[in-house]
Amino acid sequence: MKKVIGMTASALVLAMSFMAGSAQAGAVLDRIMANKTLTVATDANWAPQSFVNDQNELDGFDVDVAKGIGKYLGVDVKFVTPGWDIITAGHWQGRWDMHVGSMTPTKEREKVFDFPAVYYYTPAAVAVHKDSKATKLSDLDGKVVGATTTSTFEAYANHDLVLDAAGAPAFTYQFTPGQVKSYANSSTAFDDLRLGDGTRLDAVLSSLPSILDAQKAGYPIRQLGDPVFYEPLAVAIEHGDPELKEKIAAAIADMKADGTLGKISVKWYGVDYTTTK
């Protein structure tokens, strides 16, 4: 009898462990579906990827992609805007469920995050003041270059960039700054660059769409040379919920297949950045 009871108890413990593991595996997705709300972290000041529009609402390419994922899941989307360094540090502790903010998937970041799907590829480029005498990228050797902190742009400027995600084209370092200044976002860096050539910065390294958007907004800047690298950009979630990972991957695949993702890219960039072809 004791043996039977012991076996029953062992079986119960095993079953409970399995159930706990299953609940843990899908905990984030379960919460999203129960609350009918997907909480997404993104940037509030990085047009045209994400920014606050005239109606005081978040808008932009990344925002529309996040809304598309929410639509696929059948839930509402709520946005939060923590700092980039806070997002990339991980340990979100349930404050948000997913990041849609143009994060480059790397092996180092894979220690913290899962990347369910790459949703577009963007060129990184250099902007200088319109009065700059620089005519080629190597003219920035020894100069002061601004870039968003902990970004791939900053890593490139520091000659410390690793693009090991599938589909990432090869690149070379085309200039060596004398100083790299870190900024909370590219808009703040552009604000310093617009003050004048060499006043605070000699150049800013950022995404080409952000540079073009700043030009449209009247910033006295111009692109210098060709893009310095192209990066695949992905949705990010923390480890531990394979079901959520699968759902997000399916959502992006569906948006690619029906043309929605390409249309969103053309809407915001005028170009389909969702493919490298």
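Residues numbered from 1 in each chain as written. Predicted model: local features only at pLDDT ≥ 70, side-chain atom pairs only at ≥ 80, totals over all residues. Heavy atoms only, no water.

(A) Layout of the packing of aromatic side chains. Inspection of every chain in the model, using the stated rule, returns 18 aromatic pairs. Ring plane angle 45° and centroid distance 5.6 Å describe the contact between Trp 92 and Trp 96, whose orientation is recorded as tilted. One aromatic cluster in this structure is built from Phe 153, Tyr 156, Phe 171, Tyr 173, Phe 175 and Phe 229. The ring of Tyr 219 carries the charged tip of Arg 194 above its face, separated from the ring centre by 3.9 Å. (Phe/Tyr/Trp six-rings, centres within 6.5 Å; stacked < 30°, edge-to-face > 60°. Lys NZ or Arg CZ within 6 Å of the ring centre and 35° of its normal.)

(B) Representation of the nonpolar core in the model. In terms of nonpolar packing, the biggest core is built from 47 residues, with Val 65, Ile 69, Met 98, Val 100, Tyr 119 and Ile 252 touching the most fellow members. When residues of this core are assigned to their parent elements, the largest contribution, six residues, is made by helix H3 (residues 61-73). What Ile 252 contacts, discounting residues up to four positions off in sequence, is Val 65, Ile 69, Ala 117, Val 118, Tyr 119, Val 235 and Leu 261. Within the second largest apolar cluster, 21 residues are counted, among which are Val 126, Leu 137, Val 145 and Leu 224. (Core = buried A, V, L, I, M, F, W, Y, C linked by side-chain atoms within 4.5 Å. Buried < 20%, exposed > 50% of the residue type's maximum accessible area, 1.4 Å probe, protein only. Helix = DSSP H or I, 4+ residues; strand = E, 2+ residues; numbered from the N terminus. Contact = heavy atoms within 4.5 Å.)

(C) Up close: the environment of Thr 37. In this fold, Thr 37 is placed in strand E1 (residues 37-41). For the pair Thr 37 and Val 75, spaced 38 residues apart in sequence, the C-alpha separation works out to 5.2 Å. Each residue touching Thr 37, except ones within four places of it in the same chain, is listed here: Ile 32, Val 75, Asp 76, Lys 78 and Asp 97.

(D) How the structure looks around helix H6 (residues 186-193). Taken across its eight residues, H6 has six buried, putting it largely inside the fold. All of the buried residues in H6 are Ser 186, Ser 187, Ala 189, Phe 190, Asp 192 and Leu 193. One side-chain oxygen of the residue at the start of H6 lies 3.2 Å from the amide nitrogen of Ser 187, identifying that residue as Asn 185. (Polar contact = N/O pair within 3.5 Å; in protein donor to acceptor, adjacent residues only side chain to side chain.)

(E) Structural detail: the pairing of strand E9 (residues 144-148). Judged by how many residues are buried, E9 sits mostly within the fold: five of five residues are covered. Burial along E9 is two-sided: the residues Val 144, Gly 146 and Thr 148 and Val 145 and Ala 147 are all buried. Judged from the five bridges that link them, E9 and strand E10 (residues 179-183) form a sheet pairing that is parallel. Considered in E10, the bridge of Thr 148 is made with Tyr 183. Of the pairings in the sheet, the one linking E9 to strand E11 (residues 203-207) comprises two bridges and is parallel in character. (Pairing = 2+ DSSP bridges.)

(F) Examining the sheet that holds strand E2 (residues 45-46) more closely. Read from one edge of the open sheet, three strands run E2-E3-E4, paired in antiparallel fashion. Looking at which strands have only one partner, the edges of the open sheet turn out to be E2 and strand E4 (58-59). Sheet analysis places E2 next to strand E3 (residues 50-52), joined by two bridges and oriented antiparallel. Bridge pairing links Trp 46 to Ser 50 in E3.

(G) Representation of the pattern of salt bridges within the structure. One pass over the full model with this rule turns up seven salt bridges. Close ionic contact of Lys 111 with Glu 108 constitutes a salt bridge, the shortest N to O distance being 3.0 Å. One exposure class covers both Lys 111 and Glu 108, and it is exposed. (Salt bridge = Lys/Arg side-chain N within 4 Å of Asp/Glu carboxyl O.)

(H) Looking closely at helix H8 (residues 242-257). Between the first and last C-alpha of H8 there are 22 Å, a value that for 16 residues agrees with the 22 Å anticipated at 1.5 Å per step. Along H8, the residues that are buried comprise Leu 244, Ile 248, Ala 251, Ile 252 and Met 255. Take H8 and look down its axis: the buried residues cluster within an arc of 90°, on one side only. Away from the buried face of H8 by more than 90 degrees, exposed residues Glu 246 and Ala 257 are located. Looking at the buried side of H8, the elements it contacts are helix H2 (27-35), H3, strand E6 (98-103), strand E8 (118-129), strand E12 (221-238) and helix H9 (260-269). One or two positions beyond H8, positive phi appears at Gly 259, with a value near 85°. (Expected span 1.5 Å × (residues − 1). Arc of directions from axis to C-beta.)

(I) Layout of unusual backbone geometry. A cis geometry characterises the amide bond from Ala 47 onward to Pro 48, with omega recorded as 0°. Residue position: Pro 48 is located in the loop between E2 and E3. Phi is positive for His 159, close to 55°, though the residue is something other than glycine. Here His 159 lies in the loop between helix H5 (152-157) and E10.

(J) Expanded view of the side chain of Thr 106. Structurally, Thr 106 is set in the loop between E6 and strand E7 (113-114). When neighbours within four sequence positions are excluded, Thr 106 is seen to be in contact with Phe 115, Val 162 and Asp 164.

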